Amino acid sequence: MPQGSSQQPRPHRVAVIVDEGTNPFEVGCATELFGLPRPELGPAEPLYEVSLCGPAPAIRMNHGFFTLADVPGLDTADRADTLVVPGRPDNVVPRGPAVLDAIRRAHARGARVVSLCTGSFALAEAGLLDGRRAATHWLWTDSFRRLHPRVLLEPDVLFVDEGDILTAAGSAAALDLGLHLWRQDHGAEIAGAVSRRLVFAAHRDGGQRQFVERPVPHVPGESLAPLLEWAQERLGEPLTVTDLAERAAVSPATLHRRFRAQLGTTPLAWLTAERVTLARRLMERGERRLDVVAARSGLGTAANLRARLRRETGLSPSAYRRRFGPGVGEAITT
């Protein structure tokens, strides 16, 4: 929230399109992320409000698990600041023209458009993704490329942020993208509080791999959790990948393989992302001295901090402080 605002702005309006055969999980992710009360943020007013909308008052969900009744019409999407399009399994069946028109209208008037899992098929059908980077579930990459050859599909990432259009890969990546939106809208401190409430990884970059080869290590001693906790407590120290490997009592090559298998990223990328997140939190808490932020977060120099912050957020340190400085974050309970 910008500093100095005299009144609480209205909540950011999120509309979720439900269509015939929509996957309930992605709808649940959107409502969990943006529609429920957030007591972990303290007494602050709701930052989001969520509405479902669809082409008919009754929507039969995927496999007929249940039917949603009294669904508002698609005109609800015309009032949304963010439009969320979940996936469905029958992606080769075109969406109805009313749904595609609602997606096009939202984008044309400047709303942020987000797809979850195979919801990217609908965005591509609506013509929003031509010439743009996008993500979808790895299982559907061949079908997607065949149907939408003009889209620059990235087949092995969690999500893609193109600014006004964001696309998540598999269902669980919907949570990664949702937390990315929280960070984008309200800063790392608040996003961290939400992720802790969800008991979900606070930060997985969109470029991380979709497919984790071995999410549960075969050997309990191979879990990275103790190493990650140890490193997070020492981000301000001159830690290197070699230091991490020595702490884990493995070679750097073995550590690299474990990071890839368990986290879908590299040790250096993880370490850098954690340091940038810490730097953002320090600035959100009011630290204005860039050399202090850079030193305490392990980023080294103010120049490196500026470069990393701009790459992560698109903002300079001064712009980041204006947007996310002390304010809403002070209401967080930890």
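Before reading on, note that the structure itself is shown above.
The paragraphs below set out a description of the structure included in this document. Model, not experiment: these values are computed from the prediction.

This next bit is on the overall build of the protein chain. What the protein chain contains, in helices and strands, is 13 helices and ten strands. Taking all 334 residues of the protein chain together, the buried fraction comes to 50%. For the protein chain, the proportion of contacts with a sequence separation of at least 24, taken over those separated by at least 6, is 65%.

Attention shifts here to the sheet that holds strand S2 (residues 48-53). Spatially, the six strands line up as an open sheet ordered S2-S1-S5-S6-S10-S9, and their pairing is mixed. The open sheet is flanked by S2 and strand S9 (159-161), the only strands paired with a single partner. Along the sheet, successive strands turn relative to each other by an average axial angle of 15°, direction set aside. By the bridge criterion, six bridges tie strand S1 (residues 12-17) to S2 in an arrangement that is parallel. Residue pairing across strands places arginine 13 opposite glutamate 49, the latter belonging to S2. On top of the sheet, helix H2 (residues 97-108) reaches S1, strand S5 (82-85), strand S6 (112-115) and strand S10 (165-168); it is set at about 150° to S5, its chief contact. Its contacts with the sheet place helix H5 (residues 173-186) against S2, S6, S9 and S10, and it is angled at close to 150° to S10.

The next point concerns the pairing of S1. In this view, the connection linking S1 to its parallel neighbour S2 by way of helix H1 (residues 24-34) has right-handed handedness. Sheet analysis places S1 next to S5, joined by three bridges and oriented parallel. Each bridged residue has a counterpart across the sheet, and for alanine 15 the counterpart in S5 is leucine 83.

This part covers the packing of aromatic side chains. If you walk through the whole model with that rule in mind, you get seven aromatic pairs. Where phenylalanine 34 meets tryptophan 182, the ring centres are 6.4 Å apart and the plane angle is 10°; that geometry is what we call stacked. Pair noted here: phenylalanine 34 is in helix H1 and tryptophan 182 is in helix H5, with a separation of 148 residues, a long-range link. For the pair phenylalanine 34 and tryptophan 182, one class covers both residues: buried. Of the aromatic side chains, those joined through ring pairs into one cluster are Phe34, Tyr48 and Trp182.

What follows is about the side chain of arginine 112. Mapped onto the elements, arginine 112 comes out in strand S6. Within the structure, the side chain of arginine 112 is placed 3.0 Å from the side chain of threonine 82, a separation counted as a polar contact. Of note is the side chain of arginine 112, whose polar atom sits 3.2 Å from the side chain of glutamine 184. Not counting chain neighbours up to four residues away, the residues in contact with arginine 112 comprise His12, Asp81, Thr82, Leu83, Gly163, Asp164, Leu166, Leu181, Gln184 and Asp185.

Inspection of the entire model under this criterion finds 19 salt bridges. For arginine 10, the salt bridge goes to aspartate 81, with nearest N and O atoms at 2.8 Å. Of the two residues, arginine 10 sits in the segment before S1 while aspartate 81 sits in the loop between strand S4 (67-68) and S5, which places them 71 residues apart along the sequence. One network of salt bridges, in which partners are shared, links Asp19, Arg88, Asp90 and Arg95.

We now examine the side chain of histidine 180. Summarising the element assignment, histidine 180 is placed in helix H5. Side-chain polar atoms of histidine 180 contact the side chain of aspartate 161, separated by 2.8 Å. Among residues more than four places away in sequence, those in contact with histidine 180 are Phe159, Asp161 and Leu166.

A word on the environment of glycine 127. Residue position: glycine 127 is located in the loop between helix H3 (119-125) and strand S7 (133-134). Residue glycine 127 is classed as partly exposed on the basis of its relative accessible area of 41%. C-alpha separation for the pair glycine 127 and arginine 104, spaced 23 residues apart in sequence, amounts to 7.9 Å.

Definitions and limits used
Residues numbered from 1 in each chain as written. Predicted model: local features only at pLDDT ≥ 70, side-chain atom pairs only at ≥ 80, totals over all residues. Heavy atoms only, no water. Helix = DSSP H or I, 4+ residues; strand = E, 2+ residues; numbered from the N terminus. Buried < 20%, exposed > 50% of the residue type's maximum accessible area, 1.4 Å probe, protein only. Contact = heavy atoms within 4.5 Å. Pairing = 2+ DSSP bridges. Axes fitted to C-alpha atoms, helices over the stretch in contact; angles between N-to-C directions. Right-handed = clockwise from strand over helix to strand, strands pointing away. Phe/Tyr/Trp six-rings, centres within 6.5 Å; stacked < 30°, edge-to-face > 60°. Polar contact = N/O pair within 3.5 Å; in protein donor to acceptor, adjacent residues only side chain to side chain. Salt bridge = Lys/Arg side-chain N within 4 Å of Asp/Glu carboxyl O.

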